[in-house]
Amino acid sequence: MLAIERRQKIMAMLNENKSVLVPELAKLFNVTEETIRRDLEKLEKEGLLKRTYGGAVLVENYNVDIPFEFRNVTNIEGKKQIALSLIKYIEDGDTLVMDSSTSALQVAKLLKTKKKITVITNSEQIINELKVFEDTIKVISTGGTLRNKSLSLVGPIAEQTLRSLNANKAIISCKGFDIEKGFTESNELEAQVKKLMIEIADKVYMIADHTKINKTALVNIATLDDVDFIFTDKILPPSQENAIREKNVEIVYC
């Protein structure tokens, strides 16, 4: 197993259990404890965890810009279930605008079942995923400046492209969702792109798996008034559910 794959699995375990122990990780991955300590040290430098005596705990700072490779393994099964539900709302001939989230990527993986789809995206991963389906899926890249951490295109060029286009459905995710503060993102450039995607779409499909609920990041991207559907993988408390439905937003449990 490559070191990056091992660190991905460590982060997935941390997101699930909130803490890990060095001896257990060493046994699980069949490596030395010193190797695990180096992994934890590297992840700590990226602001993703805090080392403790004998292990590490998750740093739940929702303003930390987590690299794509770690986000892509966080709650992956939940994201896949959401994608299976959301794809039912996509129709042949739709024009979609999709952000660079790992949740949107899971939806993109299922678009091969549709026909005459146009996808506008700032995601390098989605572009790569869909490029082999050029006969049935037209892909429009926003262009822009590549952010290596997120594998996304942002900045003035991406924003200018989005302002010149229209979509009937936006598929967006977020870093956090709070009833009062709405949907938030940790990076200002990513947030601006997502805001524009929401503006140019007729309907907004917001993905907020359970790891995002009751969390608030740095930049607001939308309120409940801006979205039409919320897709999540855990049932919300009745008070939250009622507040959402009062805004005429449909909740889809996956």
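Structure first, text after, so check above.
None of the values given here were measured: they were computed from a predicted structure.

Undergrad: Would you mind going over the packing of helix 1 (residues 3-17) against helix 3 (residues 33-45) with me for this structure?
TA: Each pair of packed helices gets described by two things: the angle between the helix axes and the distance between those axes. Contact geometry of helix 1 with helix 3 gives a least axis separation of 10 Å together with a crossing angle of 70°. Here helix 1 is positioned roughly perpendicular relative to helix 3, judged by the angle of their axes. Between helix 1, through Arg6, Arg7, Ile10 and Met11, and helix 3, the contact on the second element is made entirely by Thr35, Ile36, Asp39, Leu40, Lys42 and Leu43. Broken down by class, the residue content of the contact of helix 1 with helix 3 amounts to five nonpolar, one polar and four charged.

Undergrad: Got a minute to help me understand the sheet that holds strand 5 (residues 117-121) in this structure?
TA: In a beta sheet, neighbouring strands pair by backbone hydrogen bonds and run either parallel or antiparallel. Strands sit in the order 6-5-4-9-12-14-15 across an open sheet of seven strands; the sheet is parallel. Of all strands in the sheet, those bounded by a partner on one side alone are strand 6 (137-141) and strand 15 (250-253). Taking each pair of neighbouring strands and ignoring which way they run, the sheet shows an average axis angle of 20°. The pairing of strand 5 with strand 6 spans five bridges and is parallel. Looking across to strand 6, one finds that Val119 is bridged to Val139. Strand contacts of helix 5 (residues 76-86): strand 9 (167-173), strand 12 (201-207), strand 14 (229-232) and strand 15, with the helix running at about 140° to strand 14, the strand carrying the most contacts. Sheet strands touched by helix 9 (residues 188-200): strand 4 (95-98), strand 9 and strand 12. Its angle to strand 12, the strand with the most contacts, is close to 130°.

Undergrad: Sorry if this is basic, but what is going on with the nonpolar core here?
TA: Membership of the largest hydrophobic core comes to 32 residues, with the highest contact counts inside it found for Val97, Leu162, Phe183, Met206, Val227, Ile230 and Ile244. Listing elements by their share of this core, those giving two or more residues are helix 8 (156-163), strand 9, helix 9, strand 12 and strand 13 (219-222). The element best represented in this core is helix 9, accounting for six residues. Beyond its immediate stretch of four places on either side in the chain, Val227 contacts Phe183, Val204, Met206, Ala222 and Val249. Listed in part, the 24 residues of the second largest apolar core include Phe68, Ile87, Leu96 and Leu111.

Scoring rules and cut-offs
- All residue numbers refer to positions counted from 1 along the written sequence of the respective chain.
- Reporting of local features is limited, given that this is a predicted model, to residues whose pLDDT is at least 70; pairs of side-chain atoms are given and counted only at 80 or more, and all residues count toward the totals for whole chains, interfaces and linings.
- Only hydrogens and water are set aside when side-chain values are computed; all heavy atoms of the structure are taken into account.
- Between N-to-C directions, angles span 0 to 180 degrees; the directions come from axes that are lines fitted to C-alpha atoms, helices contributing only their stretch in contact.
- Only DSSP runs of H or I covering at least 4 residues are called helices, and only runs of E covering at least 2 are called strands; the numbering of each starts at the N terminus.
- Each angle gets one of four labels, with under 35 degrees taken as roughly parallel, over 145 as roughly antiparallel, 65 to 115 as roughly perpendicular, and the rest as oblique.
- Contacts are assigned to residue pairs that have any heavy atoms within 4.5 Å of one another.
- Ten residue types, Ala, Val, Leu, Ile, Met, Phe, Trp, Tyr, Cys and Pro, are classed as nonpolar, four, Asp, Glu, Lys and Arg, as charged, and the remainder, Gly among them, as polar.
- For two strands to pair, DSSP has to find at least two bridges joining them.
- Among buried residues, the Ala, Val, Leu, Ile, Met, Phe, Trp, Tyr and Cys ones that are joined through side-chain atoms within 4.5 Å form a nonpolar core.
- Categorising residues by exposure relies on relative accessible area from a 1.4 Å probe, with only protein chains included: less than 20% of the type maximum marks a residue as buried, more than 50% marks it as exposed, and the intermediate range marks it as partly exposed.

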